[in-house]
Amino acid sequence: MDRETYQRGLEIRSAVLGEAYVNMALADADEFSKPLQDLVTEYCWGEVWGRDGLPRKTRSMLNLAMIPILNRPNELRTHIKGALTNGVTRDEICEIFLQVAVYAGVPAAVDSFRIAREVFAKLDEDSS
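In this text the structure is predicted, and so the values were computed from the model without any measurement.

1. Notes on the environment of Gly46
The topology assignment puts Gly46 in helix H3 (residues 34-48). A relative accessible area of 0% means that Gly46 is categorised as buried. For the pair formed by Gly46 and Ser60, sequence separation is 14 residues and the distance between their alpha carbons is 15 Å. Setting aside residues no more than four positions away along its own chain, Gly46 makes contact with Thr5, Arg8, Gly9 and Thr41.

2. Describing the environment of Asp124
Along the chain, the position of Asp124 falls in helix H7 (residues 106-127). Side-chain polar atoms of Asp124 contact the side chain of Arg90, separated by 2.7 Å.

3. Topic: the pattern of salt bridges
One pass over the full model with this rule turns up six salt bridges. Residue Asp38 pairs with Lys34 through a salt bridge whose shortest N-O separation is 2.9 Å. Of this pair, Asp38 and Lys34 are both found in helix H3, four residues apart, which corresponds to roughly one turn of the helix. A relative accessible area of 14% places Asp38 in the buried class.

4. Some remarks on the nonpolar core
Formed by 17 residues in total, the largest nonpolar core has its most connected members in Leu64, Leu76, Ile80, Ile93, Phe97 and Ala116. Those elements that place two or more of their residues in this core are helix H4 (56-70), helix H5 (73-85), helix H6 (90-104) and H7. If you tally residues by element for this core, the top one is H7, at six residues. The next biggest cluster of nonpolar side chains, apart from the first, holds six residues, and it includes Ile12, Val16, Trp45 and Trp49.

5. Structural notes on the side chain of Ser112
The topology assignment puts Ser112 in helix H7. Given a relative accessible area of 1%, Ser112 falls into the buried group. Excluding residues within four positions of it along the chain, Ser112 makes contact with Pro68, Leu76 and Phe97.

6. Some details on the packing of H4 against H6
H6 packs onto H4 with a crossing angle of 40° between their chain directions and a minimal axis gap of 9 Å. Put simply, H4 runs oblique to H6. In this structure, the crossing between H4 and H6 has a hand that is right-handed. Taking contact as the criterion, the partners of Lys57, Met61, Leu64, Ala65, Pro68 and Ile69 in H4 are, on H6, Glu92, Ile93, Ile96, Phe97, Val100 and Ala104. Considering only residue class, the contact of H4 with H6 consists of 10 nonpolar, no polar and two charged.

How each quantity is defined
- Residues numbered from 1 in each chain as written.
- Predicted model: local features only at pLDDT ≥ 70, side-chain atom pairs only at ≥ 80, totals over all residues.
- Heavy atoms only, no water.
- Helix = DSSP H or I, 4+ residues; strand = E, 2+ residues; numbered from the N terminus.
- Buried < 20%, exposed > 50% of the residue type's maximum accessible area, 1.4 Å probe, protein only.
- Contact = heavy atoms within 4.5 Å.
- Polar contact = N/O pair within 3.5 Å; in protein donor to acceptor, adjacent residues only side chain to side chain.
- Salt bridge = Lys/Arg side-chain N within 4 Å of Asp/Glu carboxyl O.
- Core = buried A, V, L, I, M, F, W, Y, C linked by side-chain atoms within 4.5 Å.
- Axes fitted to C-alpha atoms, helices over the stretch in contact; angles between N-to-C directions.
- Parallel < 35°, antiparallel > 145°, perpendicular 65-115°, else oblique.
- Left-handed = near helix turned anticlockwise from the far one by under 90°.
- Nonpolar A, V, L, I, M, F, W, Y, C, P; charged D, E, K, R; others polar.

Okay, structure coming up:
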């Protein structure tokens, strides 16, 4: 493992998803799942998200378009929150999911809208 890339990944992951979320994910890792957490932190967040080629907002928007197609609702919840942190607006999230409907299928978009509404409601409740 490249410690510098891992550290950069940890910083980016924490900035996008929240320190509490990342700390919990790492604390919940056991001998079996720790290698995955290390890979995600170093490779996904440090190596790819750490590149200068795209701003974080764009990377978040791409994730919001791809994750529904992969039918990964838990990851979608996480990345909706991260997208908001990265400056993606609720209106932009709506537009992304409409694009998903056209190119990937209405069922994927329906689930994405449902999940986004749940995330928005929880965030609104927490901020009150």
